[in-house]
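If you want the building blocks of each chain, they are given just below.
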Amino acid sequence: MTRQVYDLCGANDVRFSPYCWRTRMALAHKQLDAEFLAWHFTEQEKLKFSGSRTVPVLVDGDEVISDSWRIANYLETTYTEGPSLFGGERGAELTRFTHAWADAILVPAVARCVIGDILERIELKDQAYFRASREERFGLSLEQMTERRPVYVQALDTALLPLRVCLRRQSWVAGEAPAYADYSIFGVFQWARVISPEDLLTTEDPVFEWREKMLDQFDGLGRRFAAAS
Ligand SMILES: N[C@@H](CCC(=O)N[C@@H](CS)C(=O)NCC(=O)O)C(=O)O
């Protein structure tokens, strides 16, 4: 049976979840095929079988795994013959930090910058849910957040400092070759790229150059998904 991933989808089939992008890259790294099934915010009933309320959800034969970190660990321990996502136990422990930093710092920092753009690019049926849930999460209206965008872009720029310092000295977050540490961060930038016409990175930023190289990985997998305009 074909492997399946429930994947967040907006209007015009835009696939914009940072977490689902991690899974997409991890599967490509492991050279595993999967069908990415479009899932919308208001389609909770479609996820019931998994016990998860969020995507990605991976269905691999009898196995149903949710949460991008759990999925990465599942792929690593199940498909040991494919290239390693973590580079051993030590690497897995270090990658957990990268993943946690991306989730705790990067995702909210980018979300504040692009939230208004997301509303415009999801289907009408999802908009009321998206607005209510995100306004509750951030304690501000989407319009207030859009107005404050320049402040958020500045805050993101500061948050990126450790990544920038790292990428000035090495080609990939994981070292000599890209691995899950890179994918966990790349997912966040790919989300911004496909959902917001504003580029959050300037061309002289080493993070920009790294993102360009990430877009080229796996025969340009990331680039095959158009940037928002
Ligand atoms: N910790 C989870 C977070 C997954 C998550 O929050 N996914 C979002 C899509 S980007 C979602 O499904 N949201 C559903 C909702 O907001 O109702 C992971 O790493 O997979």
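Residues numbered from 1 in each chain as written. Predicted model: local features only at pLDDT ≥ 70, side-chain atom pairs only at ≥ 80, totals over all residues.

**Student:** A description of the pairing of strand β3 (residues 57-60) should follow, citing residues and the corresponding values.
**Tutor:** Where burial is concerned, the two faces of β3 agree: the one with Val 57 and Val 59 and the one with Leu 58 and Asp 60 are both buried. Here strand β1 (residues 4-8) pairs with β3 via three bridges, running antiparallel. Looking across to β3, one finds that Tyr 6 is bridged to Val 57. As defined by bridge partners, β3 adjoins strand β4 (residues 63-66) across four bridges and the pair is classed as antiparallel. Across the sheet, Leu 58 pairs through a bridge with Ile 65, a residue of β4. In this structure, the hairpin formed by β3 and β4 is closed by a connection of two residues, where Gly 61 is found at a positive phi of approximately 60°. (Buried ≥ 20, exposed ≤ 12 C-beta atoms within 10 Å, placed from the backbone. Helix = DSSP H or I, 4+ residues; strand = E, 2+ residues; numbered from the N terminus. Pairing = 2+ DSSP bridges.)

**Student:** Lay out unusual backbone geometry in plain terms, naming residues and giving numbers.
**Tutor:** The peptide bond linking Val 55 to Pro 56 adopts the cis configuration, its omega dihedral lying at 10°. At Asp 67, a residue that is not glycine, the phi angle is positive and equals roughly 85°. Its location among the elements puts Asp 67 in the loop between β4 and α2 (68-78).

**Student:** Account for the site of the ligand, with residues named and values stated.
**Tutor:** Inspection of the region around the ligand gives Leu 8, Ser 17, Pro 18, Tyr 19, Phe 41, Thr 54, Val 55, Pro 56, Asp 67, Ser 68, Trp 69 and Ser 133 as its neighbouring residues. Elements supplying a minimum of two residues to the shell around the ligand: α1 (18-29) and α2. Split by residue class, the shell around the ligand holds seven nonpolar, four polar and one charged. (Near = placed C-beta within 6 Å. Nonpolar A, V, L, I, M, F, W, Y, C, P; charged D, E, K, R; others polar.)

**Student:** Any details on the packing of α1 against α2? Residues and values, ideally.
**Tutor:** It is at 9 Å that the axes of α1 and α2 come closest, and there the two elements cross at 10°. Relative to α2, α1 is oriented roughly parallel. Contact with α1, carried on its side by Tyr 19, Arg 22, Thr 23, Ala 26 and Leu 27, involves Ser 68, Ile 71, Ala 72 and Leu 75 of α2 and no other residues of that element. In the contact of α1 with α2, the residues fall into six nonpolar, two polar and one charged. (Axes fitted to C-alpha atoms, helices over the stretch in contact; angles between N-to-C directions. Parallel < 35°, antiparallel > 145°, perpendicular 65-115°, else oblique. Contact = placed C-beta atoms within 7 Å.)

**Student:** Quick one: what's the story with helix α9 (residues 206-220), residue by residue and with numbers?
**Tutor:** All of the buried residues along α9 are Val 207, Trp 210, Arg 211 and Met 214. The arc enclosing the buried residues of α9, seen along the axis, measures out at 105°, which places them on a common side. Within α9, the exposed residues directed more than 90 degrees away from the buried face are Asp 216, Asp 219 and Gly 220. Tucked inside the fold, the buried residues of α9 contact α7 (161-169) and α8 (180-195). (Arc of directions from axis to C-beta.)

**Student:** So what about the domain arrangement of the chain? Which residues, and what values?
**Tutor:** Under the domain assignment used here, the chain contains domain 1 (4-78) and domain 2 (88-224). Of note, the centres of domain 1 and domain 2, computed from C-alpha atoms alone, are 18 Å apart. Contact residues are listed per partner, giving 18 residues for domain 1 and 21 residues for domain 2. Residue contributions to the side of domain 1 that touches domain 2 peak at seven residues, all from α1. (Domains from an automatic or database assignment.)

**Student:** Any details on the packing of α7 against α9? Residues and values, ideally.
**Tutor:** At their nearest, the axes of α7 and α9 sit 8 Å apart, and the two run at 70° to each other. The angle between α7 and α9 places the two elements in the roughly perpendicular class. Read as a crossing pair, α7 and α9 show a hand that is left-handed. Counting all contacts with α7, which are made through Leu 163, Arg 164, Leu 167 and Arg 168, the residues of α9 involved are Pro 206, Val 207 and Trp 210. Taken together, the residues of the contact of α7 with α9 break down into five nonpolar, no polar and two charged. (Left-handed = near helix turned anticlockwise from the far one by under 90°.)

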